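Remarks on the overall topology
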Amino acid sequence: MLVALFAKDRPGALDIRKANREAHVAHLKDSGLIAQAGPLLDDSGEMCGSLVILDVETFEQAQEWAANDPYAKADLFESVTLIPWNRVIGG
């Protein structure tokens, strides 16, 4: 099952994102659950959020992954939304 995670950073939290980026990327790579991932960008090209497509067995597994993300633990996000997703195009 694919689950899309959309996360919006808290205003003024770019330094928190940068300080925790290495641990976040390791979490992405080490989990073995990521189909695609990358930062969302604001109008000036700065990172302001995250889009992660998780390939999981259950929705609860996606929730657990999100709760254990170093960005979440650092209180980077203003909001996080998890939505089941159906890929139609792309691989």
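What counts, and at which threshold
Residues numbered from 1 in each chain as written. Predicted model: local features only at pLDDT ≥ 70, side-chain atom pairs only at ≥ 80, totals over all residues. Heavy atoms only, no water. UniProt positions renumbered as here; feature names shortened; annotations may be inferred. Core = buried A, V, L, I, M, F, W, Y, C linked by side-chain atoms within 4.5 Å. Buried < 20%, exposed > 50% of the residue type's maximum accessible area, 1.4 Å probe, protein only. Helix = DSSP H or I, 4+ residues; strand = E, 2+ residues; numbered from the N terminus. Contact = heavy atoms within 4.5 Å. Pairing = 2+ DSSP bridges. Axes fitted to C-alpha atoms, helices over the stretch in contact; angles between N-to-C directions. Salt bridge = Lys/Arg side-chain N within 4 Å of Asp/Glu carboxyl O. Expected span 1.5 Å × (residues − 1). Bend = angle between axes of the 7 residues up to and from the residue.

An unreviewed UniProt entry lists the protein chain under the name YCII-related domain-containing protein, from Pontivivens insulae. UniProt lists a comment for the protein chain under the heading Sequence similarities (unreviewed entry), and it reads "Belongs to the YciI family."

Judged by nonpolar contacts, the single largest core of 16 residues is most densely connected at Leu 5, Val 52, Leu 54, Val 56, Trp 65 and Leu 82. When contributions to this core are tallied by element, the ones reaching two or more residues are strand S1 (2-9), strand S3 (47-55), helix H2 (59-68) and strand S4 (77-85). With residues near it in sequence (within four places) discarded, Trp 65 still touches Leu 5, His 24, His 27, Leu 28, Ser 31, Leu 33, Ile 34, Val 52 and Leu 54.

Judged by pairing direction, the sheet is antiparallel, and its four strands sit side by side in the order S2-S3-S1-S4 without closing on themselves. Strands with a single pairing partner mark the edges of an open sheet, and in this sheet they are strand S2 (34-41) and S4. Going from strand to strand, the sheet's axes swing by 15 degrees on average, the running direction of each strand aside. Helix-sheet contacts for helix H1 (residues 14-31) involve S1, S2, S3 and S4, and the interaxial angle to S3 is about 10 degrees. Lying over the sheet, H2 contacts S1, S2, S3 and S4, oriented at roughly 155 degrees with respect to S4.

This paragraph deals with the side chain of Arg 17. Within the secondary structure, Arg 17 sits in helix H1. On the basis of relative accessible area, Arg 17 is assigned to the buried category, the value being 1%. Setting aside residues no more than four positions away along its own chain, Arg 17 makes contact with Asp 9, Pro 39, Met 47, Cys 48, Gly 49, Ser 50, Tyr 71, Leu 76 and Phe 77.

Under the defined criterion, the tally for this structure stands at three salt bridges. In this structure, the salt-bridge partner of Glu 78 is Lys 8, at a minimum N-O distance of 3.5 Å. Placement of the pair is Glu 78 in strand S4 and Lys 8 in strand S1, with a sequence separation of 70 residues. Among the ionic pairs, Asp 9 bridges to Arg 17, the shortest N-O distance being 2.7 Å. In this structure Asp 9 comes out as buried when scored by relative accessible area, which is 7%.

The terminal C-alpha atoms of H1, which comprises 18 residues, lie 24 Å apart, in line with the 26 Å expected from a rise of 1.5 Å per residue. Of all the bends in H1, the largest measures some 55 degrees and sits at Arg 21. If you check which residues of H1 are buried, you get Arg 17, His 24, His 27 and Leu 28. Those residues of H1 that are buried are in contact with S1, S2, S3, H2, helix H3 (70-73) and S4. Downstream of H1 by one or two residues, Gly 32 has phi in the positive range, about 70 degrees.

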